[in-house]
Amino acid sequence: MARAKVLQTNFTAGELSPKLMGRVDIARYQNGAKKVRDCIPQIYGGLRRRYGSLFVQEVKDSTKRTRLIPFIFNESTAYILEFGDLYMRIYVDEAILSPGAPAAYNGATAYTPGSLASSGGVNYYCTANTTGNAPPNVTYWYPMPAGILEIPTPYTEAMLTAIDHTQGADTMFVFYETLAIRRLRRLGATNWVIDTPITEIPFEEPGTNPASTMTASAKDPVGASVTMTAGTAVFSAGNVGSSIKINGGIVKITGFTSTTIVTGIIKQELSSIVAAPQDAWSLHAPAWSASLGYPRTGTLYEQRLIVGGSPSFPQTIWGSATAAYLDFTMGVNDDDAFSFTIASDQVNPIQYLASSRALVALTSGGEFTVAGGLEKPLAPTNAQVRQRSNYGCSRVRPVRIRDAELFIQRAGAKVRSFAYNVSNDDWTAPDIAVMAEHLTTAGIVDIAWQQEPTSIIWMVRADGVLVSVTYDKDQDVVGWAMHTGLDGFVESVASIPATDSDQLWLVVRRTINGATQRYVEYVEK
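*Asks:* Is there a simple way to think about unusual backbone geometry in this case?
*Replies:* Peptide bonds are, in most cases, trans, and in most cases residues other than glycine have a negative phi. Geometrically, the link from E205 to P206 is a cis peptide bond, its omega value of -10 degrees lying close to zero. Turning to its location among the elements, P206 is positioned in the loop between β17 (191-195) and β18 (214-216). In the segment running from E452 into P453, the intervening peptide bond is cis, with an omega of 0 degrees. Its place among the elements puts P453 in the loop between β36 (444-450) and β37 (456-461).

Next comes the structure, spelled out in structure tokens:
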């Protein structure tokens, strides 16, 4: 019997699932392969060998996991951040960032967080304002390894996989559900600062209605001091930081005098100083605290910092005041801060928020969009929440690819592209891994998008294997491949723009002479 020869013109479908063997009726079958190892399908049809990785630096402690996060100011200024157990390191120009040669400590100098000084042959990072407190005083100084700029953080090894972040220019906000929101700022080449910047936090809705009258000593202006007097004992020292809604205004409690008297600051003008009867005023505790938790995710959207998904309010979204990212004082004016809760038949925590043609909220049980009124921005009184699908998102941080949010479905094995579909006039979330499901069944734990020179989505599996998919929706290219030639266990992946292409960075766990080593590496261009 003569052997049949079949001409295959391209490999744009990449590696196909063994379950598709014999499915010659599927169009992608003609463009696929049984196995694609350490090669990258090209949108033009061929396969290109994956380049090798180059060693940059061993992580601080090879016995502990680390995570890479990109910090991108623009296409020519980008960094890789190594988050480890209670520390952060910075990589730039394919090397770890050095603090240079900090000046010797001077007892007369006023040091601020982020300042550097040397003492006794050790370089130190300043963690709090100080004058006259010399290193190695741990209240004000953090010792850095020789030749490495290292910054202390509150994030332990166990927290790293659940950290979320959003960035605008030289400022990145970092979120974790049991810690106050942190702000990471690049003030100079070697001047990086982490702080807790939120000046006004939101309050719980609804509040409580104590059985008492309430009288304010003043009704305006905003920022003025005011004394609040209750008809009966309703206050305690724990109410400091809470807010009072009364006579159409808001007062934030700043001081406790007695069970009937507190002092505060007017945050929103009152209509009058007439005593408010019972049930005509309300007391609201802060929505974020060590006991209630903090938002687990956030994004920048329409000139606001939008955050959500705290442990106590898992389906609540808070928006800052317009162009005032640090102010969450809620009101009713269009530029005031706001909060609202996603209404659904199940309580599925918000996993991630993203900015698209609408605000996207990915929860553990469904995908939602949030928008303002017709041709209007999102405001305190016009939020329109719509559920678009009900697949559910895992805790793996999604990546934005042009107009789509690529997220890992709740079980960790399906990769969905959530975007607005013009032809359907609706939002859809197809599974782009359906033809190569065997490559993701181990579970995806990290994901990054390399935009140039070829659009490639890189994913790290729970078993340490690196997989990729060449993805170009315009050209109908979804080409999967597995990369087993790295000779190590990949734990984290990130991508940043470089000179003429995007650069892929990895944390790889290797066994060297019987010992476990974790290395930061980047893939050659």
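*Asks:* Sorry, what's going on with the layout of surface pockets here?
*Replies:* Empty space among the atoms can be located by rolling a probe the size of a water molecule over them. If you add up the space inside the largest pocket, you get close to 990 Å³. Forming the walls of the largest pocket are 35 residues, and the residues nearest its centre are P70, I72, H165, R397 and R400. Mapped by element, the contributors of at least two residues to the lining of the largest pocket are β6 (67-74), β14 (164-168), β24 (297-301), β28 (350-355), β32 (399-401), β36 and β40 (489-497). Considering every element that reaches the lining of the largest pocket, the biggest residue donor is β6, with seven residues. Counted by class, the lining of the largest pocket contains 20 nonpolar, eight polar and seven charged residues. Reported here for the second largest pocket is a volume of approximately 410 Å³. Together, 18 residues line the second largest pocket, and R357, A358, A371, R386 and R388 are the ones closest to its centre.

*Asks:* Looking at this structure, how should I read the environment of N333?
*Replies:* Mapping N333 onto the fold places it in the loop between β26 (316-319) and β27 (338-341). The class of N333 is partly exposed, set by a relative accessible area of 47%. Distance in space between the C-alpha atoms of N333 and P380 is 6.9 Å, their sequence separation being 47 residues.

*Asks:* Is there a simple way to explain the packing of aromatic side chains in this structure?
*Replies:* For any pair of aromatic rings, the description rests on two quantities: the centre-to-centre distance and the angle between the ring planes. Applying the stated criterion across every chain, the model contains 17 aromatic pairs. Arranged with centres 5.1 Å apart and planes meeting at 75 degrees, the rings of Y111 and W141 form a pair that is edge-to-face. Linking Y111 in the loop between β9 (95-96) and β10 (116-119) with W141 in strand β12 (residues 141-144), this pair joins segments that are 30 residues apart in sequence. Neither Y111 nor W141 differs from the other in exposure class; each is buried. Geometrically, the ring pair formed by F338 and F340 is stacked, given 5.7 Å between the ring centres and 15 degrees between the ring planes. Here F338 and F340 have matching classes, each one buried. Ring-pair connections join several aromatic residues into one group, and the members of that group are W288, F313, W318 and F328. Sitting above the plane of the F73 ring, R186 keeps its charged end 5.2 Å from the centroid. Taking NZ or CZ as reference, R357 lies 4.0 Å from the ring centre of Y420, over its face.

*Asks:* Please clarify how the side chain of R186 should be interpreted in this entry.
*Replies:* Relative to the elements of secondary structure, R186 occurs in strand β16 (residues 179-188). Engagement of the side chain of R186 in a polar contact is seen with the side chain of Y79, the distance being 2.8 Å. Within the structure, R186 has its side chain in polar contact with the side chain of D170 (distance 2.9 Å).

*Asks:* For this particular structure, what's the right way to read empty space enclosed by the protein?
*Replies:* If you walk through the whole model with that rule in mind, you get one cavity of 30 Å³ or more. Approximately 90 Å³ is the volume attributed to the largest cavity. The class makeup of the residues in the lining of the largest cavity is five nonpolar, three polar and three charged.

*Asks:* It is not clear to me how the pattern of salt bridges should be interpreted in this structure. Could you clarify?
*Replies:* Should their charged atoms come close, side chains of opposite charge can pair. Under the definition given, this model contains 25 salt bridges. As a salt-bridge pair, E491 and R65 come within 3.6 Å of each other at their nearest N and O atoms. Pair noted here: E491 is in strand β40 and R65 is in the loop between β5 (53-58) and β6, with a separation of 426 residues, a long-range link. What makes E491 buried here is its relative accessible area of 4%. Overall, the relative accessible area of 31% leaves R65 in the partly exposed class. Between R510 and E521 there is a salt bridge whose closest N-O contact spans 2.9 Å. With a gap of eleven residues between them, R510 in strand β41 (residues 502-512) and E521 in strand β42 (residues 515-523) connect regions that are remote in the sequence. Overall, E521 belongs to the buried group, its relative accessible area being 3%. Put simply, R65, E491, R509 and R518 are held in one network by salt bridges that share partners.

Calculation rules
Residues numbered from 1 in each chain as written. Predicted model: local features only at pLDDT ≥ 70, side-chain atom pairs only at ≥ 80, totals over all residues. Heavy atoms only, no water. Helix = DSSP H or I, 4+ residues; strand = E, 2+ residues; numbered from the N terminus. 1 Å grid on protein atoms, 1.4 Å probe; cavity = no way out; pocket = protein on both sides within 12 Å on 5 of 7 lines; lining within 4 Å. Points joined across faces, edges and corners; volume = space filled by probe spheres on them. Nonpolar A, V, L, I, M, F, W, Y, C, P; charged D, E, K, R; others polar. Buried < 20%, exposed > 50% of the residue type's maximum accessible area, 1.4 Å probe, protein only. Phe/Tyr/Trp six-rings, centres within 6.5 Å; stacked < 30°, edge-to-face > 60°. Lys NZ or Arg CZ within 6 Å of the ring centre and 35° of its normal. Polar contact = N/O pair within 3.5 Å; in protein donor to acceptor, adjacent residues only side chain to side chain. Salt bridge = Lys/Arg side-chain N within 4 Å of Asp/Glu carboxyl O.

So, to be careful, I would describe these as geometric facts and stop short of saying anything about function.
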